[in-house]
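Coordinate analysis (summary)
Each chain is listed here by its residues.
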Number of protein chains: 4
Amino acid sequence: MAGKLKKKDYEARLEALQHELNTLHAWMAATGERVLVILEGRDTAGKTGVINAITHRLNPRRTRVVALSKPSEREQGQWYFQRYVEHLPGAGELVLFDRSWYNRAGVEAVMGFCSEAEHKRFLAECPVFERLLVADGIRLFKYWLTLDQAEQERRLAERLDDPLKRWKLSPVDLAARERYADYGKARDRMLRHTDTGEAPWYMVDANDQRRMRIDLVSHLLSKLPYRPMPVEVPPFPPLSGPPGRDRPKVKVRWVPRAGD
Amino acid sequence: MAGKLKKKDYEARLEALQHELNTLHAWMAATGERVLVILEGRDTAGKTGVINAITHRLNPRRTRVVALSKPSEREQGQWYFQRYVEHLPGAGELVLFDRSWYNRAGVEAVMGFCSEAEHKRFLAECPVFERLLVADGIRLFKYWLTLDQAEQERRLAERLDDPLKRWKLSPVDLAARERYADYGKARDRMLRHTDTGEAPWYMVDANDQRRMRIDLVSHLLSKLPYRPMPVEVPPFPPLSGPPGRDRPKVKVRWVPRAGD
Amino acid sequence: MAGKLKKKDYEARLEALQHELNTLHAWMAATGERVLVILEGRDTAGKTGVINAITHRLNPRRTRVVALSKPSEREQGQWYFQRYVEHLPGAGELVLFDRSWYNRAGVEAVMGFCSEAEHKRFLAECPVFERLLVADGIRLFKYWLTLDQAEQERRLAERLDDPLKRWKLSPVDLAARERYADYGKARDRMLRHTDTGEAPWYMVDANDQRRMRIDLVSHLLSKLPYRPMPVEVPPFPPLSGPPGRDRPKVKVRWVPRAGD
Amino acid sequence: MAGKLKKKDYEARLEALQHELNTLHAWMAATGERVLVILEGRDTAGKTGVINAITHRLNPRRTRVVALSKPSEREQGQWYFQRYVEHLPGAGELVLFDRSWYNRAGVEAVMGFCSEAEHKRFLAECPVFERLLVADGIRLFKYWLTLDQAEQERRLAERLDDPLKRWKLSPVDLAARERYADYGKARDRMLRHTDTGEAPWYMVDANDQRRMRIDLVSHLLSKLPYRPMPVEVPPFPPLSGPPGRDRPKVKVRWVPRAGD
């Protein structure tokens, strides 16, 4: 491997991938295929960024990003997977989970928000649940973004510094700094139970954000049997008269123009 | 007014505005204020673009974009405003409607998707409905983006040309080209009935996209009595040990690195 | 008026009314008419009972009973009417509200669960809101069940005594006993503001439960312009072979028969 | 066993069972236990009737009846179990399914509303899905109500005759008459795949409706380890003054009293 990916290179590659994603999305619409992408990994690893790179140019009517808050009291009494199930993709939909049911094997287990029995039960049930989804035809992809702590520290400091990013930091994130190794152990335990033939985990090195995005999207595309669909370009004849001006005939308030 | 806004200028101004939006959003969280922004206007006028500019750097947990499809059969039998009501902002939330209940006074009226009686009833009821929301404390902003047809033609042609944008075009959009004047008349009729003291309309010139975004966001901010809230920066002590490396101890699949 | 209505008389009359309700419901299905019935009144006045009498023999797919709990924290930050709006009737539906948005003018005002400003705002906004629903074509009926306190005491004592009814009693209900007069005053204030031409209140004497049910249902029917719809009775030819026996061919567990 | 259960006997037994159900429900509230009862069986077998007998005297805030219509187009594109999952019981809730996901192994399979591949997949996946629910702690009960065709014919004829019951009949129900044996075969196939140790089926003879209700409820109660919870009876001191009369001080409309 080499140094960081240059911005220009990154943008060129990303745009090529977005064309492919667009082709994929059209194929999904035509065939009714459903794709679910789960993104997990260290805080600041770049889950939201890669999601934005994927969704940016796609039809939002068939693209959804799901980032659930912690469960309500009512949800805590329900089947553990229930609140996630309602967000599974329908026909032709691409759904991206920014964190997922794997919270139980990560933050909940490490910070003691669930019991050891609940943790164990999750590790046993989760592969069964995922197998059901895959058997139903949902194409499930699970990515884990790895991030070394030195780089994580750099990013956390940047978030603290930047008022536009500070809301991204929660006290739980900061508490996680001293549990870095524990999170690693919990992740490995999770991998041992849930890295299955039907629903494998893919690790992505996220220390270089741009590379990570290119790598992840390239990999996702390589795993899906899409093909270009015939495109019907609608007719676009010249206007039958001169183009109109958009001027209300009634008295209105105008937003002032900014100076130059 | 002068020529188009240069990219560099635009980006600098936008970033300054995003800082202000961030301050606004923190104020909303602290006070429970609710803000609802309605965006209407010609196809390709740039509603989605300005929404993205506004939401891009804000906490997504308190920001929602609402772009409803055409009503289902069930919804068609309900109170006209019902399906919109469920998306109104809760405490501390900023909600942006990409098109809205004003569909009835625009595309539905012009294309004959509703009856003249329904159109009339809407024009009579809508100001009453909006007054209720404002009386309840919701801060409601209604922007109409004007776009001359010559510029619109240019943008439609570009969308047809660009595979990444083609999904944005619907047959209804293309049918609307020859009804440009009718849409203008319907808009003016709408303005006469719904441009009220409690819920005024603001027109924005959208022929230059960058200026439009800067103008609209500047205006929105100027109308809200927010102020900076005290920020508590959490402590960030040095790590107690050397930073960890993120390497699974179990055998895993890695996403391949892209070449250089 | 005379003594209490005898059980036999009551049942005969109720059944006749249920036939009429059935005719009404068929008319609603055919025409898409929407009916919303709001039931308010003293605790133990019999709101649930009359609702059951109305719904008992109707198609549940087009009948809904709505009895909302106190608002969640999230709902408390929303437009006051929002959580009720989602339960409004769709085409062909009969919806019955067991208590309603009038909580604000009753229990909330008397027990101090809302501020005087919120109470006042409700009294001003509620008629406007209801006028919108009526203008949209929803047929709105508001019944207030009156109950003298001596009878209420008798019923409360019965509920306390009967284990099958005890869950119906909440601490708020018992606290309301000593505020009987205050509830009456709040009700009168509510009537002064919300008894409007478009959405009038109807008082029903609920001291005799059976009479109340007959009176209320008779009144409701008298106010609706329904008429019998032609009924298509599907063909019902004799079976082509001997009737089957329902015996599984596989080994199964049977629920034991109760002895005699 | 003997003849039909007499009405008086039935009512006495049912009331005793309702006391037990009430005790069960209080135990569920105290412990957070979740109970899901699935009711399947021949048309007119009495599913709705036994559900009403169970729910009639229970706190409706923790009791839900779920009778889903046929799936919408959107739902048809989703994971087969998805639309049922959202109705699973939360803590302390009793949920009764009037028909269920077993539609796929019954009406859908027999009438050709699903493919043989979908039918097979359901039979394979359903036990896995149910095992997940049971592992999560949901107490799942599956009852199949058997009904001989002679009795079914009698009940269908009665429904056709009675205007109050005619809406209960759908064309699919009548079409099912000539497929009585096919439904039986489909049911047996279903039993072979889904009568499992974790989620067994229980057959109930429904030829006598009253007995069926008593049998089913008795069985359900016998399978749950509930026990009486201590009941706190709230204090009920005498009123501090004379009981009030419920007479509005404002001019109101009264619902007329029915004559005698």
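Everything quoted here is computed from the prediction, not taken from an experiment.

The next point concerns the overall build of chain A. Looking only at helices and strands, chain A features 10 helices and 6 strands. Out of the 260 residues in chain A, the part that is buried amounts to 35%. Look at the contacts in chain A between residues 6 or more apart in sequence, and 79% of them connect residues 24 or more apart.

Neighbouring strands of a sheet are bound in pairs by backbone hydrogen bonds; such pairs are parallel or else antiparallel. An order of S6(C)-S5(D)-S4(D)-S1(D)-S3(D)-S2(D) is seen for the 6 strands of this open sheet, with the pairing classed as parallel. Of all the strands in the sheet, the pair left with one neighbour each is strand S6 (253-254) of chain C together with strand S2 (63-66) of chain D. With 5 bridges connecting them, strand S1 (residues 35-41) of chain D and strand S3 (residues 94-98) of chain D associate as parallel partners. Residue Leu39(D) lies in a different strand from S3(D), and its bridge partner there is Asp98(D).

Moving on, we get to the interface of chain C and chain B. Of the residues lining the interface, 21 residues belong to chain C; the matching set on chain B comes to 21 residues. Going through the elements one at a time, helix H4 (82-85) and helix H6 (116-135) of chain C are the ones with two or more residues in the side of chain C that touches chain B. Take the side of chain C that touches chain B: its biggest share by element is 7 residues, from H6(C). In terms of residue class, the side of chain C that touches chain B is made up of 11 nonpolar, 5 polar and 5 charged.

Okay, the relation of the copies chain B and chain A next. If you rotate chain B by 180° and push it 0.0 Å along the axis, it lands on chain A with an RMSD of 0.0 Å. When the rotation and shift are considered jointly, the pair of chain copies conforms to a two-fold rotation axis. Taken as a fraction of all interface residues of chain B, those also at the interface in chain A reach 100%, which identifies the copy contact as same-surface.

Turning next to the environment of Gly77(B). With respect to the helices and strands, the residue Gly77(B) is situated in the loop between helix H3 (73-76) and helix H4 (82-85). Apart from residues no more than four positions distant in its own chain, Gly77(B) is found in contact with Gly32(C), Gly90(C) and Ala91(C).

Another point: the interface of chain B and chain A. Across the contact, 66 residues belong to chain B and 66 residues belong to chain A. Elements that contribute at least two residues to the side of chain B that touches chain A include exactly helix H1 (7-31), helix H7 (149-161), helix H8 (171-176), helix H9 (180-194), strand S5 (201-205), helix H10 (209-222) and strand S6 (253-254) of chain B. Here the element with the most residues in the side of chain B that touches chain A is H9(B); it accounts for 7 residues. In terms of residue class, the side of chain B that touches chain A is made up of 35 nonpolar, 12 polar and 19 charged. The sheet contact formed by strand S5 (residues 201-205) of chain A and S6(B) spans 2 bridges and is parallel. Bridge pairing in S6(B) places Met203(A) opposite Trp254(B).

In this section: the arrangement of the chains. With no contact between them, chain A and chain C keep their nearest C-alpha atoms 11 Å apart. In this assembly chain B lies apart from chain D, the nearest approach of their C-alpha atoms being 11 Å.

Once that is clear, we can look at unusual backbone geometry. All names here are of chain A. Within the chain, Arg 99 stands out as a residue other than glycine whose phi angle is a positive 70°. When you line up the elements, Arg 99 lands in the loop between strand S3 (94-98) and helix H5 (107-111). The class for Arg 99 is partly exposed, based on 16 C-beta atoms found within 10 Å.

This part covers helix H2 (residues 47-55) of chain B. The α-helix advances 3.6 residues per turn, and as a result positions three or four apart in sequence lie on the same side. All names here are of chain B. Taken together, the buried positions of H2 are occupied by Lys 47, Val 50, Ile 51, Ala 53 and Ile 54. The buried residues of H2 occupy an angular sector of 160° when projected down its axis, which confines them to one face. For H2, the secondary structure elements touched by its buried residues are H1, strand S1 (35-41), strand S2 (63-66), strand S3 (94-98), strand S4 (139-146) and H10.

Residue and element names in this part refer to chain A. Judged by how many residues are buried, strand S1 (residues 35-41) sits mostly within the fold: 7 of 7 residues are covered. Burial of the side chains of S1 extends over both faces: Val 35, Val 37, Leu 39 and Gly 41 are buried on one face and Leu 36, Ile 38 and Glu 40 on the other. In this structure, S1 lies alongside strand S4 (residues 139-146), joined through 7 bridges in parallel fashion. Of the residues in S4, the one forming a bridge with Val 37 is Phe 141.

This brings us to the packing of helix H6 (residues 116-135) of chain D against helix H9 (residues 180-194) of chain D. All names here are of chain D. For the pair H6 and H9, interaxial distance at closest approach is 9 Å and the crossing angle is 45°. Compared by their axis directions, H6 and H9 come out oblique. Taken as a pair, H6 and H9 cross one another with a handedness that is right-handed. Contacts between H6 and H9 involve Leu 123, Cys 126 and Pro 127 from the former and Met 190, His 193 and Thr 194 from the latter.

Here the focus is the sheet that holds S1(A). Strand order in the open sheet formed by 6 strands is S2(A)-S3(A)-S1(A)-S4(A)-S5(A)-S6(B), with parallel pairing between adjacent strands. Pairing within the sheet leaves two strands with one partner each, and these edge strands are strand S2 (63-66) of chain A together with S6 of chain B.

Looking now at the packing of helix H6 (residues 116-135) of chain A against H6(D). Contact geometry for H6(A) and H6(D): axes closest at 10 Å, N-to-C directions at 155°. When the axis of H6(A) is compared with that of H6(D), the two are roughly antiparallel. The chirality of how H6(A) crosses H6(D) is left-handed. Contact residues: Arg121(A), Glu125(A), Val128(A), Phe129(A), Leu132(A) and Ala135(A) in H6(A); Arg121(D), Glu125(D), Val128(D), Phe129(D), Leu132(D) and Ala135(D) in H6(D). Its residues assigned to classes, the contact of H6(A) with H6(D) shows 8 nonpolar, no polar and 4 charged.

All right, on to the pairing of S3(D) then. For S2(D) and S3(D), the ladder comprises 4 bridges, and the chain directions are parallel. Bridged to Val66(D) within S3(D) is Phe97(D).

This next bit is on the environment of Arg192(C). Among the structural elements, Arg192(C) can be located in helix H9 (residues 180-194). When the C-alpha positions of Arg192(C) and Leu123(C) are compared, they lie 9.1 Å apart, and in sequence the two are 69 residues distant.

All names here are of chain C. The topology assignment puts Ala 105 in the loop between strand S3 (94-98) and helix H5 (107-111). Measuring from C-alpha to C-alpha, the distance between Ala 105 and His 119 comes to 6.3 Å, with 14 residues separating the pair along the chain. Residues in contact with Ala 105, not counting those within four places in the same chain, are His 119, Phe 122, Leu 123, Ala 186 and Met 190.

Now for the confidence of the model for chain A. Per-residue pLDDT for chain A has a mean of 95; in total, 98% of the residues score no lower than 70. For this predicted complex, the interface confidence reaches an ipTM of 0.92, while the overall pTM sits at 0.94.

Bringing H6(D) into the picture now. Here H6(D) spans 29 Å end to end across 20 residues, near enough to the 28 Å set by a 1.5 Å rise per residue. For H6(D), the set of buried residues is Phe122(D), Glu125(D), Cys126(D), Phe129(D), Glu130(D), Leu132(D) and Leu133(D). Where H6(D) is buried, its residues touch H6 of chain A together with strand S4 (139-146) and H9 of chain D. Positive phi appears at Gly137(D), one or two residues downstream of H6(D), with a value of about 105°.

The rules we used
- Residues numbered from 1 in each chain as written.
- Chains lettered and ligands numbered in written order.
- Predicted model: local features only at pLDDT ≥ 70, side-chain atom pairs only at ≥ 80, totals over all residues.
- Helix = DSSP H or I, 4+ residues; strand = E, 2+ residues; numbered from the N terminus.
- Buried ≥ 20, exposed ≤ 12 C-beta atoms within 10 Å, placed from the backbone.
- Contact = placed C-beta atoms within 7 Å.
- Pairing = 2+ DSSP bridges.
- Nonpolar A, V, L, I, M, F, W, Y, C, P; charged D, E, K, R; others polar.
- Least-squares fit on C-alpha atoms with pLDDT ≥ 70 in both.
- Arc of directions from axis to C-beta.
- Axes fitted to C-alpha atoms, helices over the stretch in contact; angles between N-to-C directions.
- Parallel < 35°, antiparallel > 145°, perpendicular 65-115°, else oblique.
- Left-handed = near helix turned anticlockwise from the far one by under 90°.
- pLDDT = per-residue confidence, 0-100.
- Expected span 1.5 Å × (residues − 1).

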